[in-house]
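Inside the fold
Read off the chains here:
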Amino acid sequence: MDGIRKEIAVLREISSVVLHERVPERLLDHVLEILSSRMGMLRATFTLRQGDIFRIEASHGLDETEKRRGEYRFGEGITGRVAASGKPQLVPDISKDRRFLNRTGSHKANEHLAFLCVPVLYHEGIIGTLSMECPTATKTELEANLELLEIIGNLTAEAVAVRHAEHEEHQMLTSENERLRRAIRGVGNPGQLIGNCRNMQAVYQLIRQVAPTDATVLIRGETGTGKELVATAIHQLSPRHEAPLISLNCAALPEALVESELFGYEKGAFTGASSRRIGRVEAADGGTLFLDEIGDLNPASQVKLLRFLQERTFSRIGSNEELRSDVRVIAATSRNLEMLIAEKQFREDLYYRLNVFPIHIPSLNRRKCDIVLLAEHFIEKYNLRHRKSIKKLSTPTVNMLMNYPWPGNVRELENCIERAVLTATGDSIRSYNLPPSLQTSEEASAGLDIPHSDEPDELDVYENVDEVGKSGETELGTGTDSTDFRDRVDTFERELIVSALREHHGNMSAAARQLNLSPRVIHYKINRLHIHPEAFTLAEPHE
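So, here is what we can say about the structure in this document. (Residues numbered from 1 in each chain as written. Predicted model: local features only at pLDDT ≥ 70, side-chain atom pairs only at ≥ 80, totals over all residues. Heavy atoms only, no water.)

**Describing the overall build of the protein**
When you go through the protein residue by residue, the secondary structure sums to 20 helices and 18 strands. Approximately 28500 Å² of the protein is accessible, and the part contributed by carbon and sulfur atoms is 50%. (Helix = DSSP H or I, 4+ residues; strand = E, 2+ residues; numbered from the N terminus. Areas by Shrake-Rupley, 256 points an atom, 1.4 Å probe, with all protein chains shown as cover.)

**Concerning the pattern of salt bridges**
Evaluated as defined, the whole model comprises 23 salt bridges. Between Arg43 and Glu111 there is a salt bridge, and its shortest N-O distance comes to 3.1 Å. Residue Arg43 is found in strand 1 (residues 43-50), and its partner Glu111 is found in the loop between strand 4 (89-91) and strand 5 (113-122); the two are separated by 68 residues along the sequence. Grouping residues by exposure puts Arg43 and Glu111 together as buried. The network of salt bridges with common partners includes Glu266, Arg276, Glu282 and Arg316. (Salt bridge = Lys/Arg side-chain N within 4 Å of Asp/Glu carboxyl O. Buried < 20%, exposed > 50% of the residue type's maximum accessible area, 1.4 Å probe, protein only.)

**A short note on the sheet that holds strand 3 (residues 71-73)**
Overall, antiparallel pairing links the 6 strands, which are arranged 3-2-1-6-5-4 in an open sheet. Pairing within the sheet leaves two strands with one partner each, and these edge strands are strand 3 and strand 4. The average angle at which neighbouring strand axes cross in this sheet is 20°, direction not considered. Examined bridge by bridge, strand 2 (residues 53-60) and strand 3 share 3 bridges and lie antiparallel to one another. When the bridges of strand 3 are listed, Phe54 appears paired with Tyr72. (Pairing = 2+ DSSP bridges. Axes fitted to C-alpha atoms, helices over the stretch in contact; angles between N-to-C directions.)

**Notes on the pairing of strand 1**
For strand 1, the buried fraction is high: 7 of the 8 residues fall into the buried class. One ladder, built from 6 bridges, connects strand 1 with strand 6 (residues 125-135); its direction is antiparallel. Across the sheet, residue Arg43 finds its bridge partner in strand 6, namely Glu133. The hairpin turn running from strand 1 into strand 2, its antiparallel successor, is 2 residues long, and Gly51 in that turn takes a positive phi close to 75°.

Next up, the structure:
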């Protein structure tokens, strides 16, 4: 009789909590507290279904670490069997039942406790489980407790269902958010890279292919082509994008410091090592390590790096302890590694470890179509930095930019545009605002702007629209003159023809076929735009 009254008291108290408590987390915690105080329970858990896994959502008698360990798949352990079958389970003594996994690690060896577990059902579906550990008792008492636990599971099913729905909604929003992030990252140019020419589109495709993987990438290209931007784009599109991107310029450090920067050192490892310092490899754990100018790495450091790439283990200088670091390695170089290998200055085995997925960045001279686009980007950048309001590039300026070979690539163009922004006095960049190095070529200087001190810019226009480029000036920017439009078209046509001639080594017939033009039309345009096909007869083919 006392047992029945006890059960009624427990149900009355739990029913009151279910009726008045609207926050699911607090409701579940209160129920477990009642089970502990009224039924002598030592430990108890509510698990919640999350996909195919049942995770502990609320617990009594477990710390946070033990709670996080509580994960069960269908059919796994006693909890997993209840989840799979939908039927209660009673274990009189868990120390004698091998099905009890002790997944949380809270159960001590030779601890004699009974384990009761029931499913939590909602709309005929299993959304969780309720389990408890209590002192061993007679079979009749344990069966009575199991029946009571089933009733409590039914009473709390609504609260568990709310938590289940909240979790599913959170998972759905998280998945949708990640899908949108991937979609956004897949639209436009990756990272901060600028350029729409065919060569750069091929680079973007390679970046998108390799970014989702952990493959080692070797970025090759001349100095100033933007290799670090490519490495950053790969990291931003990778699953490691929330972890750090750590960079090390191998050419910027003395040989004696490269190893300590890479792997760190212990206190007292050498003179001046007053405290422990972690290296770039250790700092990049979980993220990406970018090794710039890898071709300048000294032979001793090459050996250490090769070992790390093979084993993913390293030791700080002054320590014998082996450490592990989970990093994705991206390397870059402007040097000819194959020649360095032949000269015994670079290890061949390290080369093959790094050259898993090579990406070649074209020089600016191979992507002429992007010059104006890059120049406009740098104008915006330095307008903000220097509080200027440059809006346009004059046509002679564009011609000079297009005809210059750019040995320093994008970095040289950026410096050139910053100087022009600083020296420009109006709202446009004139040819005389460019550095002297751009004004030395005969072809570029033919269309130089003539600075006028006593005449307004508005008078500086083409006198004859049909004789584009022979006299006067128009500007690329926000102007609306018909000459402005004509010059834009001519500049674009010139870029296309020059690109085709370069690709076919000055062969006008092949260039005409590529552009779908008749021989008569391409000859006419070449003459009108003052293009010299013979200048491209010795040009190297595109890679």
